[in-house]
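Single-letter residue listing:
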Amino acid sequence: MSDDDARPSRAETPDQVSGEVKKTAKKSTRKKAAKTTAKKTAQRAPASKAGAKKKAKRKKRDDRPLVLVTGAAGGLGRLVCRKLHRRYRVCGVDRRPFPDRPKDIEHLRIDLRRKSAAAAIKKMKPAAIVHLGVIHNPHAGDAFRFNLEGTAQLLRVAEAIDVDKFVYLSSANLYGPSATSSGFLTEEAPLMGAGRSPEVRDLISLDMMVQSLFWKRPASETVILRPVHIVGPHLRNAPSKYFRLGRIPTVMGFDPMIQLLHELDLVDAMLKALEPGIRGVFNISGAGQAPLSRLIRARPGQQLFIPGPMFVAALDRMFQLHITQFPSTELDHLRYSCLVDDRRARDDLGFVPQRSMQETLADLD
Amino acid sequence: MQQAIKDRVDPALIDRIDAIPRENIGEFGTDAFGFDPEVVKLIAPVANWFYRRYFRVNARGLEHLPEGRFLLISNHSGQLPFDGFMIGTACLTEAPRPRIVRSMVERWSAELPFVSHFFVRAGQVVGDPATCRRLLENDEAVLVFPEGARGINKLFAKRYQLESFGTGFMRLALETGTPIVPVAVVGAEEQAPAIYDIKPLAKLLGFPAAPIIFPQLVPLPLPVRYHITFGPPMTFEGTGDEDDEVVVEYVKKVRNTIQRMLQAGLEQRQGLF
């Protein structure tokens, strides 16, 4: 794919955009055309014909609000979709396939950056958008473009269709671990995680892009969730992988306090965020906090103590060789605490984590 | 090994540590900030040795310590924070109701390997108003040195002269309705007499100060005798949202009380050792 069609069009009005999309769609591959509009899809692309027909049928008998979930085929996306489809109509968006999805979940296999994606979402007019489709793997070559351009496009669509609810999954790691940070950070704390890490810098700018919806579309309810380390049996994110290691490396002389959140607790928070009337930024934390060394002791893995400079050197080399996805710039997570205050989530969102840290760790494999 | 150390500790001391309030201890044995009473059992013998043998502390007024939350406000001196260590030991080993004192430590110490981790387990927290508020809301006893680094690093010529006090502690006390217990430590000023502070070196190393100490050259404390006086609790009515002038006035009252207690302690003292 060339870079040009990845870049979203400058034309902002919906008509112009869809017009352009139609034009490009005619020229481009069958697969792309499939996603332009539902009608065209039905005529041209046999692969998604069935899907479109089903959707048309269901529209008649299913008038529950439609929720669009980006990154639906990821570990967390699947969990969220499975939970949401009991209460909402759910449409997943992901460039990866989502083969084992429940029957009533639709899936748009499309790259969020494509104009055709924008057109298809506009056509669907979802009542709510849950944005999980953010790549965290720094080795994924186009992670930077995908995250920023995809999110920018999604936000433009959300504005254009005046979506009722926009939920974005950010992270408490954006506050950044720091020796000097105060004990429990509230949502107003500055996002200082960027430090030396370009990946975190991108994630902060995504968080801020979504924040702009607060003033651009005050009528839409925008929710930004900033959860602590999410771990769970279905996830392959950094913290889950870390605690699954047979030998768990730590930085010698440091033992930070850690907060963990079970994947299903996060899904609960997601459901709460979709309730009407909820808006704002929320820190989401599991029950309690504990020193890293004691969390490791609750796991079968063995703790390794590695002197800081050696750890950095080894990690840099391994990162270059693509053995690890964990850049040494984020090693401060193993040195200093980054604790968040989740009082607002408890009071305003009504979110109370159901699983203790022991249960969360035991449930990991 | 931990058990082996604990077995050698005076059982009366273990009982006192077991008697400290534990409502805030979580499922992994620590509170939200990482404090663990079991680790205190390992440190207690060392603290006790310093308290009884090395500094031979003479603590008075411990009966004044209230129940529930309170703020200990003390003068700060001696280049190394043994004064905080001894105030904590006094509250743990000699107070009628044993308490763990949470001191607000310098931010830079939190970056040191091993030290930071050890401090945290022993109940020390990085000095920050939000942290302090949370601790007080949890009914903890918090030790604040309002002089901060200026106090502990003052030169020998300025001994027992209080530096200016910050006002943060007073706002927190007013906001959370916390009684203030004034504390005067006499003796610590002579443990490491500093004759000069090499400021450029301190800046280079990132330390708060780089004092030249005479006679022992390294900032290890001399075995001076400590006299720690705890005053009756002072309560101030307010919301914490007062104008600066009002708060400064309250702070002055606390500062004057401590200065008076220091004078009294100095007059009563017979010899440095």
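The structure under discussion appears in the preceding block.
I will try to describe carefully the structure that is included in this document. Computed from a predicted structure; not experimentally measured. (Residues numbered from 1 in each chain as written. Chains lettered and ligands numbered in written order. Predicted model: local features only at pLDDT ≥ 70, side-chain atom pairs only at ≥ 80, totals over all residues. Heavy atoms only, no water.)

### Thoughts on the packing of helix H8 (residues 168-176) of chain B against helix H10 (residues 244-268) of chain B
Packed helix pairs are specified by the crossing angle of their axes together with the interaxial distance, meaning the distance between the axes. Residue and element names in this part refer to chain B. Relative to each other, H8 and H10 sit at 100°, their axes nearing to 9 Å. As summarised for this structure, H8 and H10 are arranged roughly perpendicular, according to the angle between their axes. Here Phe-169, Met-170, Arg-171 and Leu-174 of H8 come into contact with H10, specifically with Asp-244, Val-247, Tyr-250, Val-251 and Val-254. Per-class residue counts for the contact of H8 with H10 are seven nonpolar, no polar and two charged. (Axes fitted to C-alpha atoms, helices over the stretch in contact; angles between N-to-C directions. Helix = DSSP H or I, 4+ residues; strand = E, 2+ residues; numbered from the N terminus. Parallel < 35°, antiparallel > 145°, perpendicular 65-115°, else oblique. Contact = heavy atoms within 4.5 Å. Nonpolar A, V, L, I, M, F, W, Y, C, P; charged D, E, K, R; others polar.)

### A closer look at the side chain of Thr-93 of chain B
Looking at where Thr-93 of chain B falls in the secondary structure, it is placed in helix H4 (residues 82-93). Ignoring any residue separated from it by four or fewer positions in sequence, one finds Thr-93 of chain B in contact with Leu-13, Arg-16, Asn-48, Tyr-51 and Arg-52 of chain B.

### What about the interface of chain B and chain A?
In this complex, chain B contributes 25 residues to the contact, which on the side of chain A involves 25 residues. For the pair chain B and chain A, the summed buried area comes to about 1900 Å², and 54% of that belongs to carbon and sulfur atoms. Connecting chain B to chain A are four salt bridges. The partner of Glu-137 of chain B in a salt bridge is Arg-343 of chain A, with the nearest N and O atoms 3.8 Å apart. Counting across the chain B and chain A interface gives seven residue pairs in polar contact (both at pLDDT 80 or more). Where the side of chain B that touches chain A is concerned, the elements lending two or more residues are helix H5 (115-121) and helix H6 (129-137) of chain B. No other element matches the four residues that H6 of chain B contributes to the side of chain B that touches chain A. (Buried area = accessible area lost by both parts, 1.4 Å probe. Salt bridge = Lys/Arg side-chain N within 4 Å of Asp/Glu carboxyl O. Polar contact = N/O pair within 3.5 Å; in protein donor to acceptor, adjacent residues only side chain to side chain.)

### What to know about unusual backbone geometry
When glycine is set aside, most residues are seen to have a negative phi, and most peptide bonds are trans. All names here are of chain A. Phi angles above zero are rare outside glycine, and Lys-125 is one such case at about 50°. Take Lys-125: it is sitting in the loop between helix H7 (115-124) and strand E4 (128-131). Assessed through its relative accessible area of 54%, Lys-125 is described here as exposed. (Buried < 20%, exposed > 50% of the residue type's maximum accessible area, 1.4 Å probe, protein only.)

### Some remarks on the packing of helix H2 (residues 11-18) of chain B against helix H3 (residues 37-54) of chain B
Residues and elements named next belong to chain B. Interhelical geometry of H2 versus H3 gives an angle of 135° and a closest axis separation of 10 Å. Taken together, the axes of H2 and H3 are oblique relative to one another. Relative to H3, H2 is oriented so that their crossing is right-handed. For the pair formed by H2 and H3, the contact residues are Leu-13, Ile-14, Ile-17 and Asp-18 on the first element and Pro-37, Val-40, Lys-41, Ala-44, Pro-45 and Asn-48 on the second. Split by residue class, the contact of H2 with H3 holds seven nonpolar, one polar and two charged. (Left-handed = near helix turned anticlockwise from the far one by under 90°.)

### A few points about the nonpolar core
Residue and element names in this part refer to chain A. Counting 43 residues, the largest nonpolar core has Val-69, Leu-84, Val-130, Leu-225, Ile-284 and Leu-349 as its most contacted members. When residues of this core are traced back to their parent elements, those giving at least two are strand E1 (66-70), helix H6 (75-84), E4, strand E5 (165-169), strand E6 (221-227), helix H11 (263-273), strand E11 (280-284) and helix H14 (343-349). Considering every element that reaches this core, the biggest residue donor is H11, with six residues. With residues up to four places along the chain from it excluded, the contact list for Val-69 reads Cys-81, Leu-84, Val-90, Cys-91, Gly-92, Val-93, Val-130 and Leu-132. (Core = buried A, V, L, I, M, F, W, Y, C linked by side-chain atoms within 4.5 Å.)

### Some thoughts on the sheet that holds strand E2 (residues 70-74) of chain B
All names here are of chain B. The seven strands are arranged E1-E9-E6-E2-E5-E3-E4 in an open sheet whose pairing can be described as mixed. Two strands in the sheet have a free side with no partner beyond their single neighbour: strand E1 (58-60) and strand E4 (125-126). Bridging between strand E3 (residues 101-105) and strand E5 (residues 141-144) involves three bridges; their strand directions are parallel. Bridged to Val-101 within E5 is Ala-141. (Pairing = 2+ DSSP bridges.)

### Some points on the pattern of salt bridges
What the rule picks out here adds up to 41 salt bridges over all chains. As a salt-bridge pair, Asp-111 of chain A and Arg-114 of chain A come within 3.7 Å of each other at their nearest N and O atoms. Across the pair, Arg-114 of chain A and Asp-111 of chain A agree in class, each one buried. Of the charged contacts, one joins Arg-102 of chain B and Glu-140 of chain B as a salt bridge, the two residues approaching to 3.4 Å between their closest N and O atoms. Note that Arg-102 of chain B is positioned in strand E3 and Glu-140 of chain B in the loop between H6 and E5, a separation of 38 residues in sequence. Classification of Glu-140 of chain B by relative accessible area gives buried; the value is 12%.

### Topic: the sheet that holds E5 of chain A
Residues and elements named next belong to chain A. In space, the seven strands of this open sheet follow the order E3-E2-E1-E4-E5-E6-E11, with parallel pairing throughout. Edge strands, defined here as strands with exactly one partner in the open sheet, are strand E3 (105-109) and E11. Taking the axes of each pair of neighbouring strands and ignoring which way they run, one obtains an average angle of 20° across the sheet. As judged from the four bridges shared by E1 and E4, these two strands associate in the parallel manner. Directly across from Val-67, in E4, lies its bridge partner Ala-128.

### A word on H7 of chain A
All names here are of chain A. Burial of H7 is extensive: nine of the ten residues sit out of reach of the surface. Of the positions making up H7, those classed as buried are Lys-115, Ser-116, Ala-117, Ala-118, Ala-119, Ala-120, Ile-121, Lys-122 and Met-124. Residue Lys-125 follows H7 closely and has a positive phi angle near 50°.

### Remarks on the state of the cysteines
The final tally for this structure, using the stated rule, is zero disulfides over all chains. The thiol of Cys-81 of chain A is unpaired, and the distance to the nearest cysteine sulfur, on Cys-91 of chain A, comes to 8.8 Å. Taking relative accessible area as the criterion, Cys-81 of chain A reaches 0% and is therefore assigned buried. Left without a disulfide partner, Cys-91 of chain B is nearest to the cysteine sulfur of Cys-132 of chain B, which lies 15 Å away. (Disulfide = S-S within 2.5 Å.)

By themselves, these are just geometric observations and shouldn't be taken as functional.
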